[in-house]
Structure formats: C-alpha cells, structure tokens
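Listed here are the chains, written in short residue letters.
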Amino acid sequence: MTTTSPPEPTPAPSTETPRSSRPDLISMLALAVSVFALAVGAWQTRLMQSQARASVWPYLAIGYTYTSNVDTNGFIWTIDNNGVGPARVQSVTVGLDGKPMRNWDEVIAALGMRERPSTATTSFAGAVIPPNTNRETTVAAIRVHGRELATLFKDAIGRFSMDICYCSVYDDCWIAHWQRWQVDAVDHCRAEGVQFEQ
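Residues numbered from 1 in each chain as written. Predicted model: local features only at pLDDT ≥ 70, side-chain atom pairs only at ≥ 80, totals over all residues. Heavy atoms only, no water.

### Observations concerning helix H3 (residues 147-155)
Residues of H3 that are buried include every one of Leu149, Ala150 and Phe153, and no others. Considered in projection along H3, the buried side chains sweep an arc of 105° and stay on one side of the axis. Pointing more than 90 degrees away from the buried face of H3 are the exposed residues Glu148 and Asp155. (Buried < 20%, exposed > 50% of the residue type's maximum accessible area, 1.4 Å probe, protein only. Helix = DSSP H or I, 4+ residues; strand = E, 2+ residues; numbered from the N terminus. Arc of directions from axis to C-beta.)

Structure follows, in structure tokens:
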C-alpha cells in the first residue's frame, strides 16, 4: 500500500528588498551625483574662461576726421580700439580703387599729388593698441597738413579700403575694415596680399 504525503506549502513571496540591491542603488546615486558635479564644474570653468576672454576683448574701428578750413590736421585717418583689452596688430592692407598700396607715398601719388606735402604718419603694424577706456588712445595712421591733399583724401573716401587683422591676448582674432563698424572673427591672422608698410 502506497501512501502519499501531503504537498508542501509554497512559501509566500517576500516583500522585502534583497540586501544586496541597496548598496547597488547607493552606488548608482553616488555615481549620478559625481557626474552632475563634474558637469557643473566644467560649465563653470567654461563660463569663467568666457568671462576672462570678454574682459580683454579688443574692438578696432577705422575712420577719419576732416576739417576743410584749416592748414594743419585737415584730414586724419584714425584707428580706435573701442574694446576693453589691447589689440595686437598682426597685418595691415590698404587699397585705392582696388589696387594694393605699399605705403602712404604710393597712396598720395595715386591721388594725383606729385610731391608729398606735409604729413605725419604713425607705424602701427605689429603694434599693440591699448583700449581707449578712460583715456585717449586714437592712433592717427596719417595726419594731412594742407587743404589740397586733405580734400583729395576726403573726396576719395569711397575708393579706399583698409583691413587690419588683430588678436587679443588670448589669440582670438578679428579683421577690422575701413568705414565698416562690424569686425569679422577669424581663426588666426594670415599675412596675405601686399602688406602696408606705412
């Protein structure tokens, strides 16, 4: 005679979390916090670098002043650094009617003057132009004394071109253009074309 034993009761499912999964959860939370802290640190570093670059941002503007009724400083070709940091001039090109000029003598001859009248020039290629915050730092590329030549310069305003490539102390670079108040950002300055020697 065979006897059958009653079936063993099935244990009820446990509602407790296994102890081994708690350390895994804590580790994952710690890792997530670390990654978040690293991302915040990287963002703050980038923000500080941007602020440092902005605090020394140079901004060159090329223009002129003209006075028709004086014998001195009748026409002044001006270069201003309206930014907040020094501008390191890397290259300069000047043109008249699309033709590159090497120096002011060529410019004056191209304007039709046979002899160079009284002028004063400033060499700024390779120079560092400080910002004009709280002081006057305008560079006069050329000062024309004499009404005839001053008038020739003034009448030729639309025929001139000038490009100055310059960089900040962080090697961020831009090109400033004659009579254009917007500069173009570039990777670096290239000495292309005929360089102006003043």
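### Concerning unusual backbone geometry
Positive phi, close to 55°, is recorded for aspartate 97, a residue that is not glycine. Positionally, aspartate 97 belongs in the loop between strand E3 (87-96) and strand E4 (99-101). For aspartate 97, a relative accessible area of 51% puts it in the exposed group.

### Some words on the sheet that holds strand E2 (residues 75-81)
Sheets are built from strands that pair by backbone hydrogen bonding, the pairs being arranged parallel or antiparallel. Within the open sheet, the 4 strands sit side by side as E1-E2-E7-E5. Their pairing is antiparallel. Taken across any chain shown, the strands that pair with only one partner, and hence form the sheet edges, are strand E1 (60-66) and strand E5 (119-121). Strand-to-strand twist of the sheet, defined as the mean angle between neighbouring strand axes without regard to direction, takes the value 15°. Strand direction decides the pairing type here: E2 and strand E7 (residues 139-144), joined by 5 bridges, are antiparallel. Its bridge partner being in E7, isoleucine 79 is matched across the sheet by valine 139. (Pairing = 2+ DSSP bridges. Axes fitted to C-alpha atoms, helices over the stretch in contact; angles between N-to-C directions.)

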